[in-house]
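Here is what each chain is made of, one letter per residue.
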Amino acid sequence: MLVGIGLGLAVLAAGLVALHGIFVREREQGRRALEDRRHALELYARRALTDSLRRAMEEAEPQLQQAAVDPLVPDSDVLLFRAGRQLLPRSSAPRGDDATPAQLIHEALEAQGPKAVAAKEDPDEPWVERLVLMDRFLAALKSSDRPAMERTLREWLAHRARFVLPVAKDTAAAVWLLERFQSGGQPDPTLMRSLLRDGLQGVSGARVEGLQRVLLERRDAFGRSDFAFLRERIAHLSELTHVDYVDFNQRAAAEPGARISLTLPLMEPQLRPEGWYIEPSGKDGARGVRVGATAVIESVRAEMRERGLLDEDDRLALSRTDTPAPLSTLTVALESPRMVAAVSELESGYRLKALLLGFSGALALAIIGLAVLAHERKARFVALRSEFVSTVSHELRTPLSAIRVMAETLERRVGGQPGAGNYPSRIIAEADSLGRLVENILTYNRLEKGRWESRREQVPLEPLLQRVVEDAAAQNAVRVELKAEGLAGLSVPGDAELLRMLFSNLVHNACRYTTRSPVELRVEAHKDSATRVRFSDNGVGIPRESWEAVFEEFRRLRQEGLPARGGSGLGLAICRRIMSLHGGTLRVAASGPEGTTFELTFPPA
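Summary of the structure given here. These numbers were taken from a predicted model, which means no experiment stands behind them.

1. Topic: the overall build of the protein chain
Moving on, step 1. Scanning the protein chain from N- to C-terminus turns up 16 helices and 17 strands.
Moving on, step 2. The buried share of the protein chain, reckoned over its 605 residues, is 39%.
Moving on, step 3. Considering only contacts within the protein chain whose residues lie at least 6 apart along the sequence, 65% involve residues at least 24 apart.
Moving on, step 4. Split by element, the accessible area of the protein chain, about 33,000 Å² in all, is 54% carbon and sulfur.

2. As for the packing of helix H2 (residues 101-112) against helix H9 (residues 224-240)
Moving on, step 1. At their nearest, the axes of H2 and H9 sit 7 Å apart, and the two run at 50° to each other. By the angle between their axes, H2 is oblique relative to H9. Together, Pro101, Ala102, Gln103 and His106 of H2 and Ser225, Asp226, Phe229, Leu230 and Arg233 of H9 make up the contact between the two elements.
Moving on, step 2. The residue inventory of the contact of H2 with H9, partitioned by class, reads four nonpolar, three polar and two charged.

3. Brief notes about the environment of Val523
Moving on, step 1. Along the chain, Val523 turns up in strand S14 (residues 519-527).
Moving on, step 2. With a relative accessible area of 0%, Val523 lands in the buried category.
Moving on, step 3. Along the primary structure Val523 and Phe535 are separated by 12 residues, whereas in three dimensions their C-alpha atoms are 4.7 Å apart.
Moving on, step 4. Excluding anything up to four places from it in sequence, Val523 contacts Leu465, Leu482, Lys483, Ala484, Glu485, Leu487, Val533, Arg534 and Phe535.

4. What to know about helix H10 (residues 246-253)
Moving on, step 1. Every buried residue belonging to H10 is among Phe248, Arg251 and Ala252, and all of these are buried. With its buried residues spanning 100° around the axis, H10 presents them on a single face. Relative to its buried face, H10 has exposed residues pointing more than 90 degrees away, namely Val246 and Gln250.
Moving on, step 2. Looking at the buried positions of H10, the neighbouring elements they touch are helix H8 (211-217) and H9.

5. What about the packing of aromatic side chains?
The relation between two aromatic rings is expressed through the spacing of the ring centres and the mutual angle of the planes.
Moving on, step 1. For the structure shown, the criterion picks out two aromatic pairs.
Moving on, step 2. Ring geometry for Phe137 versus Phe181: centroids 5.1 Å apart, planes at 85°, classification edge-to-face. Taken together, the positions of Phe137 in helix H4 (residues 126-143) and Phe181 in helix H6 (residues 167-185) put the pair 44 residues apart, joining distant regions of the chain.
Moving on, step 3. Given the relative accessible area of 2%, Phe137 is considered buried.
Moving on, step 4. Between the aromatic rings of Phe551 and Phe598, the centroid separation amounts to 6.5 Å while the plane-to-plane angle is 85°, which identifies the pairing as edge-to-face.

6. Some words on the sheet that holds strand S1 (residues 78-82)
Moving on, step 1. Pairing in this open sheet of six strands is antiparallel, and the strands run S2-S1-S7-S6-S5-S9 from one edge to the other. Two strands close off the open sheet at either side, each with one partner strand: strand S2 (85-88) and strand S9 (325-326).
Moving on, step 2. Bridge count between S1 and S2: three bridges; the pairing is antiparallel. In the sheet register, Phe81 faces S2, and the bridge partner there is Gln86.

7. Section: a negative patch on the surface
Moving on, step 1. There is a patch of like negative charges on the surface, built from Glu121, Asp122, Asp124, Glu125 and Glu129.
Moving on, step 2. By the secondary structure assignment, Glu125 is in the loop between helix H3 (114-119) and H4.

8. Thoughts on the pairing of S14
Moving on, step 1. The pairing of strand S12 (residues 480-485) with S14 spans six bridges and is parallel. Its bridge partner lying in S14, Lys483 is registered against Arg522.
Moving on, step 2. Here S14 pairs with strand S15 (residues 531-536) via six bridges, running antiparallel. Directly across from Arg522, in S15, lies its bridge partner Ser536.
Moving on, step 3. What sits between the antiparallel neighbours S14 and S15 is a turn of three residues.

9. What about the environment of Lys483?
Moving on, step 1. With respect to the secondary-structure elements, Lys483 resides in strand S12.
Moving on, step 2. Those residues in contact with Lys483 that lie beyond four places of it in its chain are Leu521, Arg522 and Val523.

10. Side note on the packing of H6 against H9
Moving on, step 1. Where H6 contacts H9, the two axes come as close as 11 Å, and the packing angle between them is 25°. Accordingly, the angle class assigned to the pair H6 and H9 is roughly parallel. Handedness of the H6/H9 crossing: left-handed. Contacts between H6 and H9 involve Thr171, Ala172, Val175, Leu178, Glu179 and Gln182 from the former and Leu230, Arg233, Ile234, Leu237 and Leu240 from the latter.
Moving on, step 2. Looking at side-chain class alone, the contact of H6 with H9 contains seven nonpolar, two polar and two charged residues.

11. A closer look at the pattern of salt bridges
Moving on, step 1. Tallying each qualifying case throughout the model produces 37 salt bridges.
Moving on, step 2. Measuring nitrogen to oxygen at the nearest pair gives 3.7 Å for the salt bridge that ties Glu347 to Arg27. Taken as a pair, Glu347 in helix H12 (residues 337-414) and Arg27 in helix H1 (residues 2-69) lie far apart in primary sequence, 320 residues in all.
Moving on, step 3. When its relative accessible area of 15% is taken as the criterion, Glu347 is described as buried.
Moving on, step 4. Two residues, Glu303 and Arg307, come together in a salt bridge whose shortest N-O distance is 3.3 Å.
Moving on, step 5. Within this structure, Arg27, Glu28, Arg31, Glu347 and Arg351 form a network of salt bridges that share partners.

12. Digging into the nonpolar core
Moving on, step 1. In terms of nonpolar packing, the biggest core is built from 49 residues, with Leu109, Met134, Trp156, Leu178 and Phe181 touching the most fellow members.
Moving on, step 2. In terms of residue count, the dominant contributor to this core is H6 (10 residues).
Moving on, step 3. Not counting residues up to four positions away in its chain, the partners in contact with Trp156 are Arg130, Leu133, Met134, Ala174 and Leu177.
Moving on, step 4. Core analysis: the next-biggest nonpolar cluster, separate from the first, contains 41 residues, Leu461, Leu464, Met501 and Leu521 among them.

13. Some remarks on H2
The α-helix advances 3.6 residues per turn, and as a result positions three or four apart in sequence lie on the same side.
Moving on, step 1. Compared with an ideal rise of 1.5 Å per residue, which puts 12 residues at 16 Å, H2 spans 16 Å between its outermost C-alpha atoms and is within 8% of the ideal.
Moving on, step 2. Regarding H2, the residues found buried are Ala102, Gln103, Ile105, His106 and Leu109. Seen along its axis, H2 keeps its buried residues to an arc of 165°; they face one direction. For H2, exposure combined with an orientation more than 90 degrees from the buried face picks out Leu104 and Ala111.
Moving on, step 3. Contacts made by the buried residues of H2 are with H3, H4, H6 and H9.
Moving on, step 4. Immediately beyond the C-terminal end of H2, within one or two residues, lies Gly113, with a positive phi of roughly 90°.

14. A few points about a nonpolar patch on the surface
Moving on, step 1. A contiguous nonpolar patch, built from Ile403, Met406, Leu410 and Ile427 and spanning about 340 Å² of accessible area, is present on the exposed surface.
Moving on, step 2. Here the nonpolar patch takes three residues from H12, the largest share from any one element.
Moving on, step 3. The residue Leu410 is located in helix H12 in this model.

Rules and cut-offs
Residues numbered from 1 in each chain as written. Predicted model: local features only at pLDDT ≥ 70, side-chain atom pairs only at ≥ 80, totals over all residues. Heavy atoms only, no water. Helix = DSSP H or I, 4+ residues; strand = E, 2+ residues; numbered from the N terminus. Buried < 20%, exposed > 50% of the residue type's maximum accessible area, 1.4 Å probe, protein only. Contact = heavy atoms within 4.5 Å. Areas by Shrake-Rupley, 256 points an atom, 1.4 Å probe, with all protein chains shown as cover. Axes fitted to C-alpha atoms, helices over the stretch in contact; angles between N-to-C directions. Parallel < 35°, antiparallel > 145°, perpendicular 65-115°, else oblique. Nonpolar A, V, L, I, M, F, W, Y, C, P; charged D, E, K, R; others polar. Arc of directions from axis to C-beta. Phe/Tyr/Trp six-rings, centres within 6.5 Å; stacked < 30°, edge-to-face > 60°. Pairing = 2+ DSSP bridges. Patch = residues over 30% accessible without salt bridge, like charges linked within 9 Å, V, L, I, M, F, W, Y side chains within 5 Å. Salt bridge = Lys/Arg side-chain N within 4 Å of Asp/Glu carboxyl O. Lys, Arg positive; Asp, Glu negative; His and termini not counted. Charge placed at Lys NZ, Arg CZ, Asp CG, Glu CD. Left-handed = near helix turned anticlockwise from the far one by under 90°. Core = buried A, V, L, I, M, F, W, Y, C linked by side-chain atoms within 4.5 Å. Expected span 1.5 Å × (residues − 1).

Given below as C-alpha cells:
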C-alpha cells in the first residue's frame with residue numbers, strides 16, 4: 001500500500017506540475033494573442049495613417065502647383081523646395097526700413113506728369129522712354145483717340161516686357177498710369193483684369209504680370225510704407241474696375257511663412273513636429289502639406305471604430321512627435337483599456353488556478369498523510385489481531401484436546417445407559433467443529449504471514465478425497481456420497497497437508513450448507529496442459545452476485561431456510577490462498593438451487 005501511495009503521490013505531483021504548465025501556457029498564449037492583436041491593430045493604424053498622409057499630399061498637389069506659380073494662391077498649408085531653396089510657403093516680407101521711393105515717384109507723376117519727370121532724368125535711360133510712352137498714352141486718352149490709346153498702350157506694355165526697371169519705379173508708374181486710364185478712359189474690364197491680376201502674354205513671348213501678383217511676388221523689394229501704399233492703391237483700383245482683390249488683400253496681410261529647416265536630399269517621406277508631411281521631389285527638392293497629426297490620428301481612429309476594430313475607449317498615439325520622423329520608423333501606439341483588462345483577467349485567472357493547484361496539492365498531501373497513518377494503524381491493528389488470534393487459537397488447542405478426550409472417555413463409560421442420551425457424542429462433535437475452526441484460523445494466520453513451509457510432492461487426488469470425505473462424514477454425522485470421474489491415478493504437485501485442508505473445507509461447506517440427505521459430492525478431473533478439477537455439491541447454492549464475495553476473509557452468507565451455523569468465514573478464503581500458493585486458481589463455475597460447482601485449476605508440473 002505504501003508503494004501504491006508513493007506512486008500515487010508521484011503521479012499526483014507530475015499531474016499538478018503538468019497542470020501548472022498548462023495554466024502557464026494558457027496565460028502566455030493569451031498574452032501572445034493579445035499582443036498579436038495589438039500589433040496587428042497598430043500595424044493597421046500605421047498603414048491607415050500612411051495612406052491618409054499620402055492622400056492629403058495628393059489632394060494638396062493642385063494647390064501646391066498653383067501656389068508655386070501664383071502668389072495669389074494661399075501657400076501656408078503647402079511646402080515646396082527646389083534646388084535646395086524654399087519656395088513655399090513664401091517667407092519673403094517687406095523690408096523693415098521706411099524708404100518710400102514708390103510713393104515719391106507716384107507723387108511726382110501726380111504733381112508734374114510723366115513729361116516733366118522725364119525732363120529731369122538721363123535721356124538715355126529706359127526709364128525716360130517709359131515716361132515718354134506714358135505721356136503719349138495720356139495725350140491719346142485726353143483726345144479720346146481710341147486707336148492711338150491702344151497703340152501707345154501696346155508700346156508701353158512691350159517696353160515693360162522688354163526692359164526690367166527697378167520694381168519700385170515700374171510698379172509705382174504702372175499704378176499711376178492705370179489710375180489715369182480708369183478715371184478718364186473707361187477701360188475694357190477684361191484688359192484691366194489682365195493688367196491688375198491675370199497678366200498678359202506679349203507677341204514676342206514675354207509676359208507682363210498683373211500688378212497684384214507683382215507686388216506679392218516682390219514684396220521683399222519694398223519698404224513697409226511703400227508696400228502698404230501700393231497695396232492700398234492696387235486694391236482700390238481693382239475695386240473700381242470690378243477686379244477680384246479680396247484674396248490679394250488676404251495674401252498681402254498674411255504673415256510670411258516660416259522657414260523650414262530641411263536637410264536635403266530627403267531620403268524618404270517624413271512627418272515633422274511642425275505639422276508637415278514632406279516627401280522627396282527630384283534632386284535637392286521636396287514637397288509637403290501641413291497636416292494636423294492629432295486630427296489625422298483621430299480620423300484613423302474613427303475609421304477603425306466604424307469597422308469594429310476599436311472600442312469607444314481605445315486611443316491611438318504617435319510614437320514620435322518631437323523630432324522629424326521618417327515614415328518607415330513612425331509607429332502608432334494603441335492604448336486599449338479593454339486589452340489591459342484582458343491581461344489583468346488572464347493574470348487573475350492564472351493566480352486563481354495556481355492557488356487551486358496549491359490547495360489541491362496540500363489537500364492531497366494531507367489525505368495521503370492520513371492514509372499512511374491509517375494504513376500504519378490498520379497494519380498495527382491487523383498485526384495485533386493476528387497475534388491475538390494466533391495466541392488464543394494456540395491456547396484453545398490444549399483445552400479442546402482435553403475436552404475431546406474426556407468426552408470420549410465419558411462416552412465409553414456411560415454410552416448406551418439410560419439418561420445419558422447422545423450428549424457425549426455431541427460434545428465430541430462440537431469439540432471437533434471448534435477444533436476445525438481453530439485449525440482454520442491458525443492456518444489462515446500462517447498463510448497470511450507467509451510462515452507456512454510448503455513441502456512439494458506428487459499428491460494422489462483420489463485417496464486424498466476418500467479420506468477427507470470419510471472424516472467429514474464422521475465429524476458431521478451425515479451420510480456423504482462421493483462420485484469421482486477421472487481421478488484414478490491422477491496426482492497434482494503440491495503440499496499434501498494444504499490440499500487436504502482445501503478439500504476438507506469444500507466438503508465441510510457442502511455438509512453445512514445443504515438441506516438434502518445424503519450429501520452428494522461429484523468430482524470430475526481432466527488433465528491437458530493443466531489439471532482441472534470440478535467439485536460439485538447438492539447444497540442450497542450461492543447467489544450470482546456473491547460468487548466472488550464468498551472468497552473474502554470472515555465473509556459468511558446467510559441462506560434462507562438454513563439455521564444459523566457457526567464458523568469463522570475463513571474456509572473459502574483459505575482455499576483460494578492455498579490454490580494461489582500452488583500457482584493455481586479457484587472459482588465458482590456454476591451455482592443454483594441444485595448445488596454449487598467449484599473449479600480448481602492446477603498448473604502443469
